[in-house]
Amino acid sequence: MTVSSLHFPRYGDKQNSPFFEEYLTNLLEERDRVGLTEMIRQIDALMITVEPGHSVPYVGELCLMTPYEYLVTLESESHNTHILRIDMNAPDILVREVKNPMTQGIFRSLNEVYPIGAHKPNSRYMGEVFRVSNLHEVVELQKSRDVRFFNQEQIRKLELPGNMAVVKPSPYTHNIVGYWERPEQSIRVYALGLSCIRDDVQRAYLEAKETRAKLGLDPLLLPIDHLATRIYSQNREASILEYLTLTSYYYWGSYDIAAQNSSTNVTKSVHYENELESPAKVFTAANHPYFVNHLLKLPSPTEQFVRNFGPRLHHLAVAVNDGETQGKTNIDYVVDTLRECGKDFLLDVIGSQEEGLKQIFSSASEYSSLIVEYVQRFGDFQGFFTKDNVAELTHAAGVEESLRALQAEVAA
């Protein structure tokens, strides 16, 4: 039976343009018709790059704050890539570290033109890798739709996985999308160099794993629920439509967060109803460009973030098992426990069981600049936020980002 990407219910109150609504229908109908929707499956891996010397502590941080475990390190001429895995039902995380801090390349250049991004020029979220059933056919179909790929020589020079086809960075999100052909029951193996178990990475991982177990976090932390990218206001609709062109995701809907002069826009996998098997992709954009803010007198934390860091992933959200631990909701227990370990958060846990979910943002990682969000849904709640929750989260992140911008100015 042919997959239909347009039969899903629409949520939200954000008004889209006639252009968006017309091409949303046209693009998804055509994607379904030519077979791309069927051939492009789940997100298999997330790629993150960090500064030299930052990958080991970042692996330790991720292995404490999420359910991920260290699997192996792949070493090439200019990069070390640490593979983190939960199981074959959730995407891997590839933590990539450049050996030479002065190494130039397209991914570094995406950071260098932004005032805060330039302070860590090698540190950024790169993008997602999708499993496909027929790599050659997917690539040829996407090329016929004017999608541009790195050629094999460019992949070799950038030391990207040699067994993937990789789309060039989006002009809207600065993220890449990769495709590789993997039978669903086959193990994930990355063509990225020589493999080894690094003693320093293993120590950081085992210490984090032991702490996580001692604190009782293992049964509470679930895989990644969603990935949230921040983009310029004028690129909201193009970013969503482009991602739907490159993937087998559908448009779940958009909410207007007027109090923070922004909107939150959600896409989800056609094939996997459970986000833990293929995380939702969220796009957050200001409602107005920065140069009218002095007239509107409105906050603009999303636009400010993008102007300081560039379009990029802002946070990854980890799901928390529904239930209670030691008389607290699980998310409150997780956050209180991590705070006692020295982890910082931008605000208190917000939301309630009556509203359907509770959420919180961590402080941005000093290694990757990414925030970890925790989200606990109660009962059969299906959404990603309430409007009050997302307004508070956006405001809290904006306060921290303003402080980071000020610190960058002082350091400069």
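Refer to the structure presented above.
Residues numbered from 1 in each chain as written. Predicted model: local features only at pLDDT ≥ 70, side-chain atom pairs only at ≥ 80, totals over all residues. Heavy atoms only, no water.

Asker: Explain the pattern of salt bridges to me, please; I cannot follow it from the model alone.
Answerer: Where charged atoms from two side chains of opposite charge come close, those side chains can pair. Under the criterion given, the structure shown has 23 salt bridges. Among the ionic pairs, Arg-212 bridges to Glu-69, the shortest N-O distance being 3.4 Å. With a gap of 143 residues between them, Arg-212 in helix H7 (residues 199-214) and Glu-69 in strand E3 (residues 69-75) connect regions that are remote in the sequence. Overall, Arg-212 belongs to the buried group, its relative accessible area being 2%. (Salt bridge = Lys/Arg side-chain N within 4 Å of Asp/Glu carboxyl O. Helix = DSSP H or I, 4+ residues; strand = E, 2+ residues; numbered from the N terminus. Buried < 20%, exposed > 50% of the residue type's maximum accessible area, 1.4 Å probe, protein only.)

Asker: It is not clear to me how empty space enclosed by the protein should be interpreted in this structure. Could you clarify?
Answerer: If a probe the size of a water molecule is rolled over the atoms, the empty space left behind becomes visible. Throughout the structure, instances matching the rule amount to four cavities of 30 Å³ or more. Approximately 160 Å³ is the volume attributed to the largest cavity. The wall of the largest cavity is formed by 17 residues, among which Thr-264, Thr-284, His-315, Phe-361 and Val-390 lie closest to the centre. Of all the secondary structure elements, the ones that give two or more residues to the lining of the largest cavity are strand E10 (221-231), strand E13 (280-286), strand E14 (312-320), strand E18 (357-361) and helix H12 (387-411). Among the elements that make up the lining of the largest cavity, the one with the highest residue count is E10 (four residues). Along the lines of polarity and charge, the residues of the lining of the largest cavity split into seven nonpolar, eight polar and two charged. Estimates place the volume of the second largest cavity at around 100 Å³. (1 Å grid on protein atoms, 1.4 Å probe; cavity = no way out; pocket = protein on both sides within 12 Å on 5 of 7 lines; lining within 4 Å. Points joined across faces, edges and corners; volume = space filled by probe spheres on them. Nonpolar A, V, L, I, M, F, W, Y, C, P; charged D, E, K, R; others polar.)

Asker: Can you walk me through the packing of aromatic side chains in this structure?
Answerer: Applying the stated criterion across every chain, the model contains 17 aromatic pairs. Ring geometry for Phe-305 versus Phe-309: centroids 4.7 Å apart, planes at 20°, classification stacked. Taken together, the positions of Phe-305 and Phe-309, both in helix H10 (residues 301-309) and four residues apart, correspond to about one turn of that helix. Per residue, the accessibility class of Phe-305 equals that of Phe-309, and both read buried. Cluster of aromatic residues (ring-pair linked, three or more members): Phe-130, Tyr-243, Tyr-249 and Phe-283. The ring of Phe-305 is capped by Arg-230, whose NZ or CZ atom sits 5.6 Å from the centre of that ring. (Phe/Tyr/Trp six-rings, centres within 6.5 Å; stacked < 30°, edge-to-face > 60°. Lys NZ or Arg CZ within 6 Å of the ring centre and 35° of its normal.)

Asker: What exactly am I supposed to notice about the pairing of strand E19 (residues 371-377) here?
Answerer: Side chains on a regular strand alternate between the two faces of the sheet. E19 sits mainly inside the fold: seven of its seven residues count as buried. Neither face of E19 is open: one carries Ile-371, Glu-373, Val-375 and Arg-377, the other Val-372, Tyr-374 and Gln-376, and all of them are buried. By the bridge criterion, five bridges tie E14 to E19 in an arrangement that is parallel. Among the inter-strand pairings, Ala-319 is bridged to a residue of E19, identified as Val-375. Two strands pair when backbone bridges link them, and E18 and E19 are joined in this way by five bridges, in the antiparallel orientation. From the neighbouring strand, Ile-360 faces E19, where its bridge partner is Tyr-374. (Pairing = 2+ DSSP bridges.)

Asker: I keep staring at H10 and nothing clicks. Help me out?
Answerer: Count 3.6 residues to each turn of an α-helix, and residues three or four apart come out pointing the same way. For H10, the tally of buried residues reaches seven of nine residues, placing the bulk of the element in the interior. Along H10, the positions that sit buried rather than exposed are Pro-301, Thr-302, Glu-303, Phe-305, Val-306, Asn-308 and Phe-309.

Asker: Would you explain the sheet that holds E19 in this entry?
Answerer: The strand order across the open sheet formed by nine strands is E1-E11-E12-E13-E10-E14-E19-E18-E17, and the pairing between neighbours is mixed. Each of the sheet's edge strands pairs with one partner strand only, and the pair in question is strand E1 (11-12) and strand E17 (350-352). Bridging between strand E11 (residues 249-257) and strand E12 (residues 262-269) involves eight bridges; their strand directions are antiparallel. Residue pairing for E12: Tyr-249 is matched across the bridge by Ser-269. Across the sheet, H10 is in contact with E10, E12, E13 and E14; its angle to E10 comes to roughly 85°. (Contact = heavy atoms within 4.5 Å. Axes fitted to C-alpha atoms, helices over the stretch in contact; angles between N-to-C directions.)

Function-wise, these values are silent; they only describe arrangement.
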